[in-house]
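Structure at a glance
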Amino acid sequence: MNFLSELRARLSQALTGLVDDPAPYVGMLKPAQDAKFGDFQANCAMSLKGVLNKPPRDIATLIVSRLSLDDLCEPPEIAGPGFINFRLKTDQIATATQQLIRDDRLGVAPVTEPRTYVVDFSGPNVAKPMHVGHLRSTVIGHALDKILRFLGHTVISDNHVGDWGTQFGMIIYGYKHFRDDAAYQADPVRELARLYRLVNQLGDYHTLGTELPALEASVTTATRTLELAQATATKKPEDKDLARAARKAQNDLKSAQDELASAQKKRQAVENDPALKSLADAHPQIAELARAETAKLHAGDAENQTLWDQFIPQCLAELQKMYARFDLKFDHTLGESHFNPLLAGVVEDLLQRGIATESDGAICVFVDGFAAPFIIRKANGAYTYATTDLATVQYRVKEWQADVILYVVDARQSEHFQQLFATCRKIGFDTVDMRHVSFGTVLGEDNRAFKTRSGDTIGLESLLDEAIDHARIIVRKNIDGKVHGADLSASEIDEIAKVVGIGGIIYADLHHNRDSDYVFSWEKMLAKTGDTATYIQYAYARAQGIFNKQSIDINSLRCQSQNIHISRLEERTLALQLIGFQSALLDVVTDYRPHYLTQYLFKLANDFATFYEECPVLKEADAGIRQSRLLLCDLTARILKKGLELLGIEVREIM
Ligand code: ARG
């Protein structure tokens, strides 16, 4: 039984007749923050003060008098200004826990109204090295995909790869002029990535060259603005607005200086390298010519199409290697190119219906509240990311009957998605619920976007390898001195290191509220104590280990007895957490936030640790209590394993 929803249903009944719409007040009943206040707490009496015109404590008393809870709870208590505290009857907890023992779904009933979700995640731009932003999307999307499926929804995962964008013109240009045949034979994707970086670097060199005077001018202007602002502020030191303006001018100058310095650094990198410099001199038009290659590809040029056909399978196979390490399989990988044939029709349709209009030669949709229009065809005739996304929505609704589309994409694209959703509403897609599941940036210890020492946006493959190397050290340290340690072969240790390393990366990402930026730290990520995958994986191994140690047959135990005895506080706390698995998963999908599941699992691992310390299991003399405690260990192990699995994280029984 899901006690939280049952209590909410009862509260709703109690409020019916008192208020017009109980729903918002019912949502204020939540698991208690502190066990000393009971198991659940409702603070709605305070919010109802203005509605019912009574002191909150009186309202709380009124609500309690209308509640019928005798079967589930001890009599509710009113505390402080009007909190209502609920404590479940212990036998109710025991019964609910017992029901999990033979339940494969561990108390998680399939949803009564399944919906069709399209989850759009990962979406790297192929042939460019994938970076940690795409890692976040991959990890968050994968978790949501698995949780929604487990809850009984129909889920279609679609990897909207960038396989048609401007980078292809750059790669084609690079391939035609700079390719190293031997390198291409040996590792085509690596060579394509090199070509991409090279063309990008040479293009930047020339573009920045023309921009330098403007960048220098903005530093001069910003310096003058700052001098002026500081002079004015000094005259009136008490004026906060002037002080603020001076600080802003200071920041503006810093940004202008940074931008100039970064441009100069990029120029110098080419100038200091004679080989690069001579390539740059030989290709002064490289940026335009690369764009022209993209345009030719889009216009159906046979040579470029042949090259594209040759590159794409190799790039996708490379991506696949990465996904295999996360045990991730997409239902579809319909990249941008897939929608190319539909784009002209999308623009035509929007023009005809008056939703899009021409402006300076471009075709635009003007969305209220946005300064910039949503451009669906540029003045030069090129279609955009926006056009492709519109075609993609139409496809997903028509072909897959999507009820909900989740876009797991970097927060920096939020404007794009707001405009996309607004445009879709104008078109009349009002049955599909579209959500931008946005996320923040991964930062290095210096609080700037995470980069490798070389300054490149980090390559994912090497990041995963590094995680496994770090994990191997931890795993070795842990098994040294353990009785079974010596039994683990090098390949078994590698296997555990893989599970700990990859799990660590995934968990470190998911345990943050997805909106926030976070600092990437190996040390925190793989710590054996604290809110990490490693800690939970070890808790699993410990809970599971009891059975291996004594060769106890779990299956016969589950069949023999289903009696959970709760006499100790630690047993009660653990059992209460075990029966909250469904609630945690429902919390995740309310606003697509996987950290609710990591929080749940972390608490479960902690509750288990306390239980295990305080309550003897194998040494317990009373056979009934011993069995009950073994069953609690078994349930803990099962839920930890299932929960981690839903996050994309594996476990090992011996670590
Ligand atoms: N390829 C895009 C990028 O790297 C992400 C695609 C997200 N999905 C979408 N339907 N726009 O930024």
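We now turn to the structure provided with this report.

Scoring rules and cut-offs
Residues numbered from 1 in each chain as written. Predicted model: local features only at pLDDT ≥ 70, side-chain atom pairs only at ≥ 80, totals over all residues. Heavy atoms only, no water. Pairing = 2+ DSSP bridges. Helix = DSSP H or I, 4+ residues; strand = E, 2+ residues; numbered from the N terminus. Axes fitted to C-alpha atoms, helices over the stretch in contact; angles between N-to-C directions. Contact = heavy atoms within 4.5 Å. Parallel < 35°, antiparallel > 145°, perpendicular 65-115°, else oblique. Left-handed = near helix turned anticlockwise from the far one by under 90°. Buried < 20%, exposed > 50% of the residue type's maximum accessible area, 1.4 Å probe, protein only. Right-handed = clockwise from strand over helix to strand, strands pointing away. Phe/Tyr/Trp six-rings, centres within 6.5 Å; stacked < 30°, edge-to-face > 60°. Lys NZ or Arg CZ within 6 Å of the ring centre and 35° of its normal. Near = heavy atom within 4 Å. Polar contact = N/O pair within 3.5 Å; in protein donor to acceptor, adjacent residues only side chain to side chain. Areas by Shrake-Rupley, 256 points an atom, 1.4 Å probe, with all protein chains shown as cover. Nonpolar A, V, L, I, M, F, W, Y, C, P; charged D, E, K, R; others polar. 1 Å grid on protein atoms, 1.4 Å probe; cavity = no way out; pocket = protein on both sides within 12 Å on 5 of 7 lines; lining within 4 Å. Points joined across faces, edges and corners; volume = space filled by probe spheres on them.

Here's the deal with the sheet that holds strand β11 (residues 433-439)
The four strands are arranged β6-β5-β10-β11 in an open sheet whose pairing can be described as parallel. What marks the edges here is a single partner per strand, and that holds for β6 (154-158) and β11. Along the sheet, successive strands turn relative to each other by an average axial angle of 20 degrees, direction set aside. Running over the sheet, helix α17 (residues 414-427) touches β10 (404-410) and β11 and is turned about 180 degrees from β11.

A short note on the packing of helix α10 (residues 188-235) against helix α12 (residues 274-282)
Put simply, α10 and α12 touch, their axes get as near as 10 Å, and they point 70 degrees apart. Our classification of the angle between α10 and α12 gives roughly perpendicular. Crossing of α10 over α12 shows right-handed handedness. From α10, Leu198, Gln201, Leu202, Tyr205 and His206 reach across to α12, where they touch Leu276, Lys277, Leu279 and Ala280.

Overview of the pairing of β10
Counting buried residues in β10 gives seven out of seven residues, a clear majority hidden from the surface. By the bridge criterion, four bridges tie strand β5 (residues 116-120) to β10 in an arrangement that is parallel. Within β10, the residue paired with Asp120 across the bridge is Tyr407. On the question of chirality, the crossover connecting β10 to the parallel β11 by way of α17 is right-handed.

Focus: the packing of aromatic side chains
Under the definition given, this model contains 20 aromatic pairs. When the centroid spacing of 5.1 Å and the interplanar angle of 70 degrees are considered together, the rings of Tyr323 and Phe330 count as edge-to-face. This pair shows no difference in class: Tyr323 is buried, exactly as Phe330 is. Here the aromatic rings of Tyr407 and Phe417 are separated by 4.8 Å at their centres, their planes lie at 40 degrees, and the arrangement is tilted. Of this pair, Tyr407 sits in strand β10 while Phe417 sits in helix α17; the two residues are 10 residues apart in sequence, bridging distant segments of the chain. Of the two residues, Tyr407 and Phe417, both sit in the buried class. Pairwise contacts between aromatic rings join Phe121, Tyr323 and Phe330 into one cluster. Lying over the aromatic face of Tyr175, Arg179 brings its terminal NZ or CZ to 4.5 Å of the ring centre.

Side note on the pairing of β11
Burial analysis of β11 places five of its seven residues in the buried class, which makes it a mostly covered element. Bridge count between β10 and β11: seven bridges; the pairing is parallel. Along β11, the bridge assignment pairs Asp410 with Phe439.

Here we look at the site of the ligand
What surrounds the ligand is the set Asp120, Gly123, Asn125, His134, His160, Tyr385, Asp389, Tyr407, Val409, Gln413 and Phe417. Between Gly123 and the ligand, the recorded distance is 2.8 Å, taken from a backbone N or O atom to a nitrogen atom. The side chain of His134 places a nitrogen or oxygen atom 2.9 Å from an oxygen atom of the ligand. The fraction of the free accessible surface of the ligand (350 Å²) that becomes covered by protein chains is 90%. Residues of the shell around the ligand, tallied by class, amount to four nonpolar, five polar and two charged.

Some details on unusual backbone geometry
The phi torsion at Asp360 lies on the positive side, around 50 degrees, for a residue other than glycine. By the element assignment, Asp360 lies in the loop between β7 (357-359) and β8 (362-365). Positive phi outside glycine occurs at Gln401, with the angle close to 50 degrees. With respect to the element layout, Gln401 can be found in the loop between α16 (385-400) and β10.

Side note on the side chain of Arg514
Following the sequence through the fold, Arg514 ends up in the loop between α19 (490-510) and β13 (518-519). Its relative accessible area of 5% is what places Arg514 among the buried residues. In this structure Arg514 touches Arg136, Ile140, Val437, Ser438, Phe439, Gly440, Asp591, Tyr592 and Arg593, once residues within four positions along its chain are discounted.

Quick look at the packing of helix α11 (residues 240-271) against α12
As a packed pair, α11 and α12 sit with axes 6 Å apart at the nearest point and diverge in direction by 105 degrees. Taken together, the axes of α11 and α12 are roughly perpendicular relative to one another. Counting all contacts with α11, which are made through Ala269, Val270 and Glu271, the residues of α12 involved are Leu276, Lys277 and Ala280. In terms of residue class, the contact of α11 with α12 is built from four nonpolar, no polar and two charged.

Points about empty space enclosed by the protein
If you walk through the whole model with that rule in mind, you get one cavity of 30 Å³ or more. Within this model, the largest cavity holds a volume of roughly 40 Å³. Lining the largest cavity we find Arg136, Ile140, Asp509, Leu510, His512, Asn513, Arg514, Arg593, Pro594 and His595. Elements that contribute at least two residues to the lining of the largest cavity include exactly α7 (132-150) and α19.

Treat this as a map of the structure, not an account of what it does.
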